[in-house]
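Understanding the architecture of this molecule
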Amino acid sequence: MSKKVLGNTDQSLLFVISAPAGTGKSTLVEMLLKEFPDVLAESCSSTTRHPRPAEISEHHYEFISIPEFEKKVEGGEFLEYAKVFGNYYGTRKEEIERLLTERKHVVLVIDTQGAMQIIGKIPAVYIFIAPPSFEELQSRLFKRRTESEEKIQERLLWAKQEIALAPRYDYQIVNDNLEVTYQILRSIFIAEEHKRR
Ligand code: ADP
Ligand code: 5GP
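Every residue gets a number counted from 1 within its own chain, in the order that chain's sequence is written. For naming, the first written chain is A and the first written ligand is 1, with later ones following in the order written. Per-residue local features of the predicted model are confined to residues with pLDDT of at least 70, and side-chain atom pairs are confined, for both listing and counting, to 80 or more; whole-chain, interface and lining totals are unaffected and use all residues. Where side-chain values are given, they derive from all heavy atoms of the structure, hydrogens and water being excluded.

Brief notes about the environment of Leu-79
By the criteria applied, helices consist of DSSP H or I runs no shorter than four residues and strands consist of E runs no shorter than two, each listed in order from the N terminus. Summarising the element assignment, Leu-79 is placed in strand 5 (residues 78-84). Relative accessibility thresholds used throughout: buried, under 20% of the residue-type maximum; exposed, over 50%; partly exposed, between the two (1.4 Å probe, protein chains only). Among the residues examined, Leu-79 registers a relative accessible area of 24% and is labelled partly exposed. Residues in contact with Leu-79, not counting those within four places in the same chain, are Thr-91, Lys-93, Ile-96, Ile-118 and Ile-122. Only heavy atoms matter for contacts: two residues are in contact if any of them lie within 4.5 Å across the pair.

The following block contains the structure:
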């Protein structure tokens, strides 16, 4: 009899999570990684964005220059990539292959443009997390204090286009109460691992 709710299989799965900025995806993925550190791994993307004060290179992102990013694009190194709020972000194929050989489930936190490039091509569990309302999204972005007011408005405008793509995902969760949302999210991971494929 298995003694744990997740990590009872040798078959690694790919989970793709998207949500408008400020919805709570990083918070929720952090909760998952904390509960299941030996079973889940988050993919580390490459980006041309500058690191934020507490961010560590190679842990949060591989921070690279625009020419370096373009070279990787030309070399076909990315599974998907997109320009998000003026910066490039991409998932390296090599990173995913490496994590899958560790026999862990891999979590990709990417934007909707990137997810649209792989839906229908790459077998994965696609999860969209939506904010309860625009007012609440705005309030979370303001409270987080990582962007200026102008950048917050840009993210709110873009959020409408991202939410319109939610029906393309396998699951949609509304992040109203954090603990309830987390329970739903972890249930999806558990159910997907036990699904007969
Ligand atoms: P994202 O990664 O989607 O941009 P974050 O995880 O950084 O979003 O969350 C944005 C802000 O909202 C953070 O300050 C976080 O603590 C807060 N937050 C996350 N989920 C909830 C929730 N369910 N209710 C209230 N605040 C939340
Ligand atoms: P941030 O700069 O706040 O860390 O991320 C901005 C946005 O870029 C988020 O929506 C995040 O999910 C997305 N993102 C991060 N890594 C990737 C990636 O590798 N590919 C794509 N398409 N989006 C990414």
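Topic: the site of ligand 1
For this description, a residue counts as near a given molecule or strand if any of its non-hydrogen atoms is within 4 Å of it. Taken together, 15 residues surround ligand 1, and among them Gly-22, Ser-26, Thr-27, Arg-144 and Asp-176 come closest. Here an oxygen atom of ligand 1 sits 2.5 Å away from a polar atom, N or O, in the side chain of Thr-27. Here ligand 1 has 570 Å² of accessible area as a free molecule, and 75% of this is covered by the chains. Among the secondary structure elements, those contributing two or more residues to the shell around ligand 1 are helix 1 (25-35) and helix 5 (134-144). Of the residues belonging to the shell around ligand 1, the class tally is three nonpolar, seven polar and five charged. We define a polar contact as two N or O atoms separated by no more than 3.5 Å, with the added condition that, inside protein, one atom must be a possible hydrogen donor and the other a possible acceptor, whereas residues neighbouring each other in sequence contribute only through side-chain atom pairs. Throughout, the Shrake-Rupley method with a 1.4 Å probe supplies accessible areas, and for residues the shown protein chains are the sole cover considered. Put simply, Ala, Val, Leu, Ile, Met, Phe, Trp, Tyr, Cys and Pro go in the nonpolar bin, Asp, Glu, Lys and Arg in the charged bin, and everything else, Gly too, in the polar bin.

Observations regarding the sheet that holds strand 3 (residues 45-47)
Two strands qualify as a pair provided DSSP detects at least 2 bridges between them. If you walk across this open sheet you meet the four strands as 4-3-6-5, and the pairing is mixed. Each of the sheet's edge strands pairs with one partner strand only, and the pair in question is strand 4 (61-63) and strand 5. Averaged over all pairs of adjacent strands, the angle between strand axes in this sheet comes to 25°, irrespective of strand direction. Where strand 3 and strand 6 (residues 87-92) come together, two bridges link them in antiparallel fashion. Bridging across to strand 6, Thr-47 finds its partner in Tyr-89. To obtain each axis, a line is fitted to C-alpha atoms, and for helices this fit is confined to the stretch in contact; angles are then taken between N-to-C directions over 0 to 180 degrees. Docked against the sheet, helix 2 (residues 66-74) engages strand 3, strand 4, strand 5 and strand 6, running at close to 140° with respect to strand 5. With respect to the sheet, helix 3 (residues 93-101) is in contact with strand 5 and strand 6, its orientation differing from that of strand 6 by roughly 40°.

Examining the packing of helix 5 against helix 6 (residues 149-163)
Remark: helix 5 packs on helix 6, axes separated minimally by 10 Å, with the N-to-C direction vectors making an angle of 140°. Remark: the crossing between helix 5 and helix 6 carries right-handed chirality. Listed contacts from helix 6 to Phe-134, Leu-137, Gln-138, Leu-141 and Phe-142 of helix 5 are Glu-149, Ile-152, Gln-153, Arg-155, Leu-156, Ala-159, Lys-160 and Ile-163. By convention, the crossing between two helices is left-handed when the near helix turns anticlockwise from the far helix through less than a right angle, and right-handed when the turn is clockwise.

Considering the packing of aromatic side chains
The rule is short: rings of Phe, Tyr and Trp, with Trp giving its six-membered ring, pair when the centres are within 6.5 Å, and they are stacked under 30 degrees, edge-to-face over 60, tilted in between. For the coordinates displayed, the defined rule picks out eight aromatic pairs. Aromatic side chains Phe-69 and Tyr-88 sit 5.3 Å apart centroid to centroid with 25° between the ring planes, which places their arrangement in the stacked category. With a gap of 19 residues between them, Phe-69 in helix 2 and Tyr-88 in strand 6 connect regions that are remote in the sequence. Judged by relative accessible area, which is 1%, Phe-69 ranks as buried.

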